[in-house]
Amino acid sequence: MNKTLAILKPDCIGRNLTGKVIDFILSNGFYIRAMKMAHLTKIEAEEFYAIHKGKPFFNELINFMTSRPCIPMVLEKNNAVQSFRETIGATDPSKAADNTLRKLYAESVQRNTVHGSDSEKNAQKEIAFFFSLMEITK
Ligand code: IDP
Ligand code: MG
């Protein structure tokens, strides 16, 4: 099994969808190995999303991600990165497949409820951004 980083985004917390989304993740076969609430500062959100700096949606994305706490978690499953991307669906909920988290719950391209790492390398980087080794259970 390998690991990926998920974040339940501020719109998920704000609309009280946390329980439903966690239930969906678990019922799709993922194990939660670490989880916490975090209220990102602007500097932290800019670092996490550094790859998008300069894009037209960047400033609004940072405002959104710092607007409330979020819930980062480390998920484990066979082929975790790709499998979780399939579980969340396309970035734009109007293009997301049926029975994906974003199709079910996302409000818009920006307020799309959940983050998932897009590669093995980024998963490792993003997990280390939020969690120390000691915080990740076996
Ligand atoms: P991803 O989350 O599906 O990997 P990315 O392209 O990495 O999508 O974008 C990161 C986040 O930035 C998205 O999840 C979404 O919240 C926001 N975002 C991406 N594209 C747009 C856009 O065109 N308008 C507004 N927000 C966007
Ligand atoms: Mg991405």
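Residues numbered from 1 in each chain as written. Chains lettered and ligands numbered in written order. Predicted model: local features only at pLDDT ≥ 70, side-chain atom pairs only at ≥ 80, totals over all residues. Heavy atoms only, no water.

### A short note on the pattern of salt bridges
Moving on, step 1. The tally for this structure, following the rule as stated, stands at nine salt bridges.
Moving on, step 2. Asp 11 serves as the salt-bridge partner of Arg 15, at 2.6 Å between the closest nitrogen and oxygen.
Moving on, step 3. Classification of Asp 11 by relative accessible area gives buried; the value is 1%.
Moving on, step 4. In this structure, a network of salt bridges that share partners links the residues Asp 11, Arg 15, Glu 107 and Arg 111. (Salt bridge = Lys/Arg side-chain N within 4 Å of Asp/Glu carboxyl O. Buried < 20%, exposed > 50% of the residue type's maximum accessible area, 1.4 Å probe, protein only.)

### So, the environment of Glu 44
Moving on, step 1. On the secondary structure map, Glu 44 appears in helix α3 (residues 42-48).
Moving on, step 2. Relative accessible area serves as the criterion here: at 33%, Glu 44 is assigned to the partly exposed category.
Moving on, step 3. Residues Glu 44 and Glu 107 lie 63 residues apart in sequence; the distance between their C-alpha atoms is 24 Å.
Moving on, step 4. One polar contact links the side chain of Glu 44 to the main-chain amide nitrogen of Thr 41, over a distance of 2.9 Å. (Helix = DSSP H or I, 4+ residues; strand = E, 2+ residues; numbered from the N terminus. Polar contact = N/O pair within 3.5 Å; in protein donor to acceptor, adjacent residues only side chain to side chain.)

### Comments concerning unusual backbone geometry
Moving on, step 1. Non-glycine residue Asn 16 carries a positive phi angle of around 55°.
Moving on, step 2. Along the chain, the position of Asn 16 falls in the loop between α1 (10-14) and α2 (18-27).
Moving on, step 3. Of note, Asn 99 is a non-glycine position whose phi angle comes to about 60°, a positive value.
Moving on, step 4. Position of Asn 99 among the secondary structure elements: in the loop between α5 (80-88) and α6 (101-105).
Moving on, step 5. Note on Asn 99: relative accessible area 57%, which makes it exposed.

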